Structure formats: C-alpha cells, structure tokens
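Letter by letter, the chains look like this.
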Amino acid sequence: MEKMKLKLLYSDLKPELELIETELEQAVDSESLLLNEASLHLLQAGGKRIRPVFVLLAGKFGNYNVELLQKVAVPLELIHMASLVHDDVIDDSEIRRGRPTVKSEWNNSVAMYTGDFILARALERITEIDAPRVHDVLSKTLIEVCRGEIIQIEDKYQLDQSLRDYLRRIKRKTALLISSSCELGALVSGTDEKTAAHLRRFGYFIGMSFQIIDDILDFTASDEELGKPAGSDFIHGNITLPILFARRDPAIYKLLRENLEKDISDDKRLEIVQTIRSSPAVDEAKRMSTMYLDKALQELDYLPKGPATKTMRKIAFFIGKRKF
Amino acid sequence: MNGQQIQSKIISMEIDVLNAVRQRTLNQWTDGPFVKESRLFFLLLPFFNGEQWSAKMETSANTVAIVYSALHAHDKVREEMPISKEQQLTVLAGDLYSGIYYQMLAKIKNVEMVQKLAAAIIQVSEKKASFHEHRIQQPDEVEETVKVIETALLHSFYEANEFQSYGELMECSLLYQRYTEELEALKAGEFSYVLSLLGDTLIHNSFIEQWLMERLESLSEHILLKANDCELEFEVKAILLDQIIPHQHSAEQLTREG
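You'll find chain B entered in an unreviewed UniProt entry as Heptaprenyl diphosphate synthase component 1, with Planococcus dechangensis given as the organism.

Per an unreviewed UniProt entry, chain A goes by the name Heptaprenyl diphosphate synthase component II and belongs to Planococcus dechangensis. Taken directly from UniProt, the Sequence similarities (unreviewed entry) text for chain A runs: "Belongs to the FPP/GGPP synthase family." For the record of chain A, the UniProt heading Cofactor (unreviewed entry) holds the text "Mg(2+)".

Next up, the structure:
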C-alpha cells in the first residue's frame, strides 16, 4: 500500500517509468535461463524505483530527453539490484520484499553470479553514454558504496560505536547512490553546475533521511509490513540510529549487550523490538530524519519552481511520513 | 626480452594490481586479490613478444587482472551457514574490485574497454550458472563452458587492442592448464563442477581421466603449433612451455626447434 502511495506521487512519470521497467526486463535477459529467472525474480519482487525517479525528475531541470535519461536510470537501478542480491548472501537473508531471496531460492553461488551478471549489464548499458563525467561520478559512487558496506561489516556488533560512524556508513551505503541519481540525471540533461550541485545535495539529504526512516521502520513496522522479521538489523548486528539513541538507557543497553551476537529466540527478538519501539529513541531518530528532510527541502528552494520541484517536495514529505 | 625480465614484469603487474585494490579491512580478512600467473603472462604476452605497448594498454591489462580477481573472490563464496565474516568480506572484495576496474578505465577514458569487459563478465557468469542448470549434454559443451570462463576476459583485451593473433594460443594454453588442474583434482578425489559435469556427460566416471588425458595430448600439440604461428621469441616461448604451462613434451620440443 505504501509503495502504491509513493507511486501515485510520481504518476506524472508513469509512461517513462513503464519504459524503464521494460528496459530493466530487457537488460536482465540472458542466454542462461537460470540467470534470467533469478534476475526476473528480483525484478518482479518490485521496489520503489526511487533511483530512476530521481534521475527523471532531475532531468526536468535541463533538456528532458527520456531516451538519454533511461540510459542512466536503468544502470542505476541495476546497480542497486546487484547489491541487494549480494547483500542477501552477506546477511544470510531468506526473505526480501516478502519473497525468498535468490540465495535462498537457489544458493550462494547462483546469487554471486546473478549479482555479477546484473552489475555487468549495468556497466554495459552505461557505456552507451559518452560523457566522461558520468563515468567518473558513477564509478566513484560504486566504490564508495562498497566501502560503506565494508565499514558496515567492520562496525557490526559494535554497540559502542559513535553517531558519526553510523552517519558515515549510511552516507555511503544509501545516500550516495540517490545523490548520484540526481546528479547524473542533471548531468545528462545538461543543467548548469549550480543546479546539478543543488540536486546532488538534495539527493544526499533525502538519502540520509530515507535510510534513517528505514532503520526506524525495522523496529516500528510489523513482520508482515516489512516482508521480513522486525528487528532484523539488530539480529544481523547492524547498529542503527534507534539503537544508538536507545542504548543511553542503562537497562536497554544491558538488554542489547546481553543479546548481541547471539542466536536469540523469537520471543527475545520481539521483546527487544518492543523495548526500542516504546523508548524515546524512535522519536529522536525521527527528529534526525526530519532534520535531513528539511535540508533537502532547503535545496529545492534554490531550484526553479515547477512540477518537478513539486513532485520532489511531495516525495520528501512522503519519505518523512512513510509507515513501512 | 629474457626470462628474468619476463618474470619481473609479471611480478610488477601483480604488485600493481595489489596496490590498485588495497583496502585495510580486506587485507586483514581476505586472501587479497588473486590472479593466476598464466593469466598475467597472457595479458603481457603481446608486450613480451615485442608488440607496440602503451601506458593505456598497460592500465587496461591491469584492469583485466582486477576483474579476474573480482570473479575469483566470488568463486570462493561457499554455501556454509551462517556465513563467516571472511566470506562476507570476500563478497564485498569482489564488488569493490569491480568498482575499481571501472574507475581505472573511466579515468583513462577507455569506455570501450569497460563495455568489452562487462560483456565478457556476462558471458562468464552465464557459463558459471550453467554448472547449476543441468542442461549440458556433451563433453564439447563442457569444454566450451570452461573455455569461456578461462578466456573471455583475455579475449576482450586482445580484441580491444588488436592482439587477436595470440587468441588461439592463449585459449589452448589456459584450457591445458585448467585440465591439468582438473586431472589433479580427480586424482586427489576432490569435487569440482567441471569434473561433475564431465561425469554426467561421459556416461561413466572412469572415462573422465581418459578424456582429460586425450584433451591434454591434443592441446599440447596445438600449443606448439600456435606458438610457432605467433612467432614467439625464443625466451618467451621457453617461459611459456617450461614455466607457465609446463608439460611433458615442451622441453624436448623446444630443444628440437630451438
């Protein structure tokens, strides 16, 4: 339902997004039936397609050319998809978006090949664009996203990590790819440098807010709404913002410390989820998300007013309020 | 170019790859990038044999080695549950190496090579996936699968730089080396996807050894022929036959021809 609401926000882009959906399906076409099936399995599980949306919206600030913009939007979504398949191997995840993961439906090896295949398709597609700056931005982003994931593993189970560690991690893990989506959309549409910079920063702040909300929802949404067990982040040792705020309460700290890096029962998982949910940490985390949203909205004030700015504003508000 | 210079250049490339992908956590938890010496040799073969060689080609060759490392890292991911920290970082090492090869080529504005390597990775991934599909019926199809996995990346480099004349030699040599490894695995009773597929296609497991021996014999002859076709310099040929893909006939054959 939430995904539907989000899609309603960018209903103006429906024809373009349908084109991108078709292109995504074509991009994962393979002579290997197995890779084709595994990639489609992932593709058909859906997703918010937030990266293509931001590419398209950013493109509205320059010479809007869907044919050109989809050459950036499709690879960005493919890169995101490839990272999800590999993330599920890293996290041993059985379920994503309510469906079995590729590694669970097949095995780790198939998930590795699928991720490599999808990433290669993304790079193959992006080379259709002959603009060095596009490749500079995208290759740097790819590397930073990986570094973010490496840091995430380093920081796993580190209950005493700092807020700065967390922010540095989510910047690389999520915000950069969204920021690059906006920047690349602007670049291929030939906007001026200033506009591109505002769009890039808008994407960055939205990305930060988006990830914080995601981390909050991991505790506040239900298993059904999430399509995976609530509290998965804690189970996997990912110390997110609600945990960082909640740990200041000695009793909660003790509870978290005692159950970290353990194979906990479902009852214990729900107890931890409930404890965090009813603590002030959730509201504090929401405030931080709102702070990033406000910064994103401020960036929009520098951009020319029009339908694209309006839609970006609506998406920003939606992200702040989304329930799962 | 003498043997020592050839070895030094291979080591130098290995160091360049190590430096390009260096990352503190990965150094600590993973085995680091790995590329077989034979693949490095074939990446540098045109240079060893006196072909025109530029800095751009050298960077491209390094990126091919990095992609081999990326795919090798992902091949090492096993099915154990739960996955270990080392394995998690091995997944990410492969992904990071992929980002690095793209960035290196973007920096020298060699988008064509990005495209060619991506196409080769697609081919390799498709062939690796076929190990899990049970669609391969004939030993020839097994050979085609192995050939693509071993050589597609190198072919992409040769194509991009008009070194295709070395393609067949490289193909025979790397197949030869792979079959030698498979034969050793067979004798040691180890599992491999290739042996498993050969077992499925050859009716009886006992035929695998014989099939591998025959292929090695045939490839051995082809390597000598192709080495002559490519007009390899004596030292280069000596290193190829004695060190890169050592096989029983090489020394005597070389002496006879030398």
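Anyway, onward from the coordinates.
A. Structural context of the domain arrangement of chain B. Residues and elements named next belong to chain B. We note that the domain assignment places domain 1 (1–119) and domain 2 (134–258) within chain B. Spacing between the C-alpha centres of domain 1 and domain 2 amounts to 21 Å. Counting residues at the interface gives 32 residues for domain 1, matched by 28 residues for domain 2. Summed over both partners, the interface of domain 1 with domain 2 buries about 2,600 Å², with 65% contributed by carbon and sulfur atoms. For the domain 1 face of the interface with domain 2, the top three residues by lost area are Phe42, Asn49 and Tyr68, together amounting to 24%. With a shortest N-O distance of 3.1 Å, Glu181 and Lys36 are connected by a salt bridge.

B. Seen up close, the nonpolar core. Residues A:Phe54, A:Ile315, B:Phe41 and B:Phe42 are the most contacted members of the largest nonpolar core, which totals 201 residues. The residue makeup of this core includes at least three contributed by each of domain 1 (1–119) and domain 2 (134–258) of chain B. Those residues within four positions of B:Phe42 in sequence are excluded, and the remaining contacts are B:Leu154, B:Tyr158, B:Leu169, B:Met170, B:Ser173, B:Leu174, B:Leu240 and B:Ile244.

C. Region of interest: the packing of aromatic side chains. Residue and element names in this part refer to chain B. Counting across every chain of the model gives 15 aromatic pairs over all chains. A centroid spacing of 6.0 Å and a plane angle of 50 degrees characterise the contact between Phe47 and Phe48, whose relative ring orientation is tilted. Their ring planes at 70 degrees and their centres at 6.0 Å tell us that Trp53 and Phe157 sit as a pair that is edge-to-face. Note that Trp53 is positioned in the loop between helix 3 (37–48) and helix 4 (55–75) and Phe157 in helix 7 (residues 139–160), a separation of 104 residues in sequence.

D. Looking closely at helix 7 of chain B. Along its 22 residues, helix 7 of chain B runs 31 Å from first to last C-alpha, staying within 8% of the 32 Å computed at 1.5 Å per residue. The largest bend along helix 7 of chain B reaches roughly 55 degrees and is located at B:Thr151.

E. Expanded view of helix 5 (residues 66–90) of chain A. Residues and elements named next belong to chain A. Compared with the 36 Å implied by 1.5 Å per residue over 25 residues, the 35 Å span of helix 5 between its first and last C-alpha is a close match. Most of helix 5 is tucked away: 21 of the 25 residues are buried. Of the residues that open helix 5, the one with a side-chain oxygen 3.0 Å from the backbone nitrogen of Glu67 is Asn65. Once helix 5 ends, the next one or two residues include Asp92, with phi positive near 55 degrees.

Cut-offs applied
Residues numbered from 1 in each chain as written. Chains lettered and ligands numbered in written order. Predicted model: local features only at pLDDT ≥ 70, side-chain atom pairs only at ≥ 80, totals over all residues. Heavy atoms only, no water. UniProt positions renumbered as here; feature names shortened; annotations may be inferred. Domains from an automatic or database assignment. Contact = heavy atoms within 4.5 Å. Buried area = accessible area lost by both parts, 1.4 Å probe. Salt bridge = Lys/Arg side-chain N within 4 Å of Asp/Glu carboxyl O. Core = buried A, V, L, I, M, F, W, Y, C linked by side-chain atoms within 4.5 Å. Buried < 20%, exposed > 50% of the residue type's maximum accessible area, 1.4 Å probe, protein only. Phe/Tyr/Trp six-rings, centres within 6.5 Å; stacked < 30°, edge-to-face > 60°. Helix = DSSP H or I, 4+ residues; strand = E, 2+ residues; numbered from the N terminus. Expected span 1.5 Å × (residues − 1). Bend = angle between axes of the 7 residues up to and from the residue. Polar contact = N/O pair within 3.5 Å; in protein donor to acceptor, adjacent residues only side chain to side chain.

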